[in-house]
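An overview of the molecular structure
One letter stands for each residue in the lines below.
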Amino acid sequence: MNRDELLFSYLESETKRQNGGIELIASENFASKNVRALCGSILTNKYAEGFPGKRYYGGCVHIDEIENRAIELVTKLFGAKYACVQPHSGTQANMIAYYALLNTGDKILSLSLDEGGHLSHGSKVSFSSRYYNVDFYHLNKNGRIDYEALREKALEYRPNLILAGFSAYPFEIDYQKIKDVAKEVGAYFMVDMAHIAGLIAAGELDNPLKYADIVTSTTHKTLRGPRGGIVLTNNEEIIKKVNKACFPALQGGPLENIIGAKAECFYEALQPEYKEYIKQVKINTKACSDELTRLGDINSGTENHLFLLNTKKSFGVTGKDAQEKLEEIGITLNKNMLPNDDEKPSVTSGVRIGFAAVTTRGAIKEDAIEIARIIDGYLKNNIKKEDAISRVKTLTKSWKQIDEI
Ligand SMILES: *Cc1c(COP(=O)(O)O)cnc(C)c1O
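The model shown is predicted, which means the values in this text are computed figures rather than measured ones.

**Quick word on the packing of aromatic side chains**
With the rule as written, the count across this model stands at 8 aromatic pairs. Plain terms: the ring middles of Tyr98 and Phe127 are 6.1 Å apart, the flat faces sit at 40 degrees to each other, and that makes the pair tilted. Linking Tyr98 in helix 4 (residues 90-101) with Phe127 in helix 5 (residues 127-131), this pair joins segments that are 29 residues apart in sequence. An angle of 50 degrees between the planes, with centres 5.6 Å apart, marks the rings of Tyr274 and Tyr277 as tilted.

In structure tokens form, the structure reads like this:
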């Protein structure tokens, strides 16, 4: 059969864009050949509603092997007793977790989107605020969680569930403190480790499974797998509710091609090279943040794979303008609200910068320092556009091309 050449020309262009640019979006990464092979495999042909050993369709014998392998590997990776590997995305994983543990109208206490939370944590425009009541705890003036104020808020609000784990939080999280509060008010403690799952898998950040009743994640961010979600727990009653919430309550047939790819990504994350990769991600992130600080640019600093750069204070431009200006020279990142930001979410006063993606391509500490100098120089108008573009090209040519990963 003919294929749609137009469509494949777009794919070609996107491949060029990914190879030719410096990808600093903190939630992105480059999946390996084997992960991508499973995503594009014949496993997409199979209907497998239900769970291994309990399917609604015949012919699931190998699908069961694959899904069981994914469960075996992910529970090993995170030291969890139980896992559901079917959620189609991080948002679906959160929806499943809420549905499993809460009734509509129950109360969630989380960090708002403006301060580093996620849409699915109770934002006005998300399902989560329509079906649940949500109130927020806040950051202190150093941009860290104010645990004392969180406790006071919880004592007053009496939530059914307290949620930690964020999209734009550059620091470690003190899970024990939040667990103690959850216990004190009789709430479930949920951690959404979507961003930091890779660092946790590599033992470079504390493991929330030691504290939380339920843990959700994406698989495509630092974990470097296919686009998808997971739910983990050590509680047998909770996993039963999670599986029922996943299917038949909220999803239909699982994406077994993606579940195969998840299994491969969990396997890869168990290898020693992956630990080295995550260590390098942390080194690169810190090197870039430190270099920007040395150059006089105001940023959050970092204890993980990302940091926030205040572009308004550093360069006199909004996050939106900084994002657009850097895109002209092949650097991709996203505008991001800063703690107590006075700009609108569509404008913002800063950007979020992460090193998971470029480190997969082979970026080293010196490259991260060079990236800081390009960003600083270009946003201060000290480097001409042609020179900035050529410095970006020098870096991207020295790295692995994305189909070799
Ligand atoms: C990215 C992210 C999600 C959602 O993931 P999707 O796959 O885009 O739905 C959920 N929670 C947090 C904290 C995230 O950073």
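**Overview of the pairing of strand 9 (residues 214-218)**
When a strand is regular, its side chains alternate between the sheet's two faces. With 5 of its 5 residues buried, strand 9 lies for the most part within the structure. In strand 9, alternate side chains face the same way, and those of Ile214, Thr216 and Thr218 on one face and Val215 and Ser217 on the other are all buried. Of the pairings in the sheet, the one linking strand 8 (residues 188-192) to strand 9 comprises 3 bridges and is parallel in character. Across the sheet, Asp192 pairs through a bridge with Thr216, a residue of strand 9.

**As for helix 1 (residues 5-20)**
Between the first and last C-alpha of helix 1 there are 22 Å, a value that for 16 residues agrees with the 22 Å anticipated at 1.5 Å per step. Structurally, the start of helix 1 carries an N-cap: the backbone nitrogen of Leu6 is 3.1 Å from a side-chain oxygen of Asp4.

**A few points about the state of the cysteines**
Applying the stated rule across the entire model yields 0 disulfides. Counting only cysteine sulfurs, Cys246 is the nearest neighbor of Cys84, a cysteine outside any disulfide, at a range of 3.9 Å. Among the residues examined, Cys84 registers a relative accessible area of 1% and is labelled buried.

**A few points about the sheet that holds strand 9**
The mixed open sheet is built from 7 strands, whose spatial order is 4-10-9-8-7-5-6. At either margin of the open sheet sits one strand with a lone partner, and together these are strand 4 (82-84) and strand 6 (133-137). Between one strand axis and the next, the sheet turns through 20 degrees on average, direction left out of account. Here strand 5 (residues 107-111) pairs with strand 6 via 5 bridges, running parallel. What sits directly across from Ser110, in strand 6, is Phe136. On the sheet, helix 4 packs against strand 5, strand 7 (161-164), strand 8, strand 9 and strand 10 (229-233) and is oriented at approximately 160 degrees with respect to strand 9. Strands in contact with helix 7 (residues 175-185) are strand 7 and strand 8; relative to strand 8, the strand with the most contacts, it is inclined by about 150 degrees.

**Observations concerning the sheet that holds strand 11 (residues 306-310)**
Strand order in the open sheet made by the 3 strands is 11-14-13, with antiparallel pairing throughout. Pairing within the sheet leaves two strands with one partner each, and these edge strands are strand 11 and strand 13 (334-336). Direction aside, the axes of adjacent strands within the sheet are offset by 40 degrees on average. The pairing of strand 13 with strand 14 (residues 350-354) spans 3 bridges and is classified as antiparallel. Across the sheet, residue Asn336 finds its bridge partner in strand 14, namely Gly350.

**Here's the deal with the side chain of Ser128**
One can find Ser128 in helix 5. Taking relative accessible area as the criterion, Ser128 reaches 0% and is therefore assigned buried. From its side chain, Ser128 meets the backbone oxygen of Ser120 in a polar contact 3.3 Å long. For Ser128, the side chain forms a polar contact with the side chain of Ser126, separated by 2.5 Å. Setting aside residues no more than four positions away along its own chain, Ser128 makes contact with Tyr98, Leu119, Ser120, His121, Gly122, Ser123 and Val134.

**Side note on a nonpolar patch on the surface**
Among the surface-exposed residues, Leu6, Leu7, Phe8, Tyr10 and Leu11 lie close enough to one another that they form a single nonpolar patch of about 510 Å² accessible area. Here Leu7 lies in helix 1. On the basis of relative accessible area, Leu7 is assigned to the partly exposed category, the value being 48%.

Conventions we followed
- Residues numbered from 1 in each chain as written.
- Predicted model: local features only at pLDDT ≥ 70, side-chain atom pairs only at ≥ 80, totals over all residues.
- Heavy atoms only, no water.
- Phe/Tyr/Trp six-rings, centres within 6.5 Å; stacked < 30°, edge-to-face > 60°.
- Helix = DSSP H or I, 4+ residues; strand = E, 2+ residues; numbered from the N terminus.
- Buried < 20%, exposed > 50% of the residue type's maximum accessible area, 1.4 Å probe, protein only.
- Pairing = 2+ DSSP bridges.
- Expected span 1.5 Å × (residues − 1).
- Polar contact = N/O pair within 3.5 Å; in protein donor to acceptor, adjacent residues only side chain to side chain.
- Disulfide = S-S within 2.5 Å.
- Axes fitted to C-alpha atoms, helices over the stretch in contact; angles between N-to-C directions.
- Contact = heavy atoms within 4.5 Å.
- Patch = residues over 30% accessible without salt bridge, like charges linked within 9 Å, V, L, I, M, F, W, Y side chains within 5 Å.
- Areas by Shrake-Rupley, 256 points an atom, 1.4 Å probe, with all protein chains shown as cover.
- Salt bridge = Lys/Arg side-chain N within 4 Å of Asp/Glu carboxyl O.

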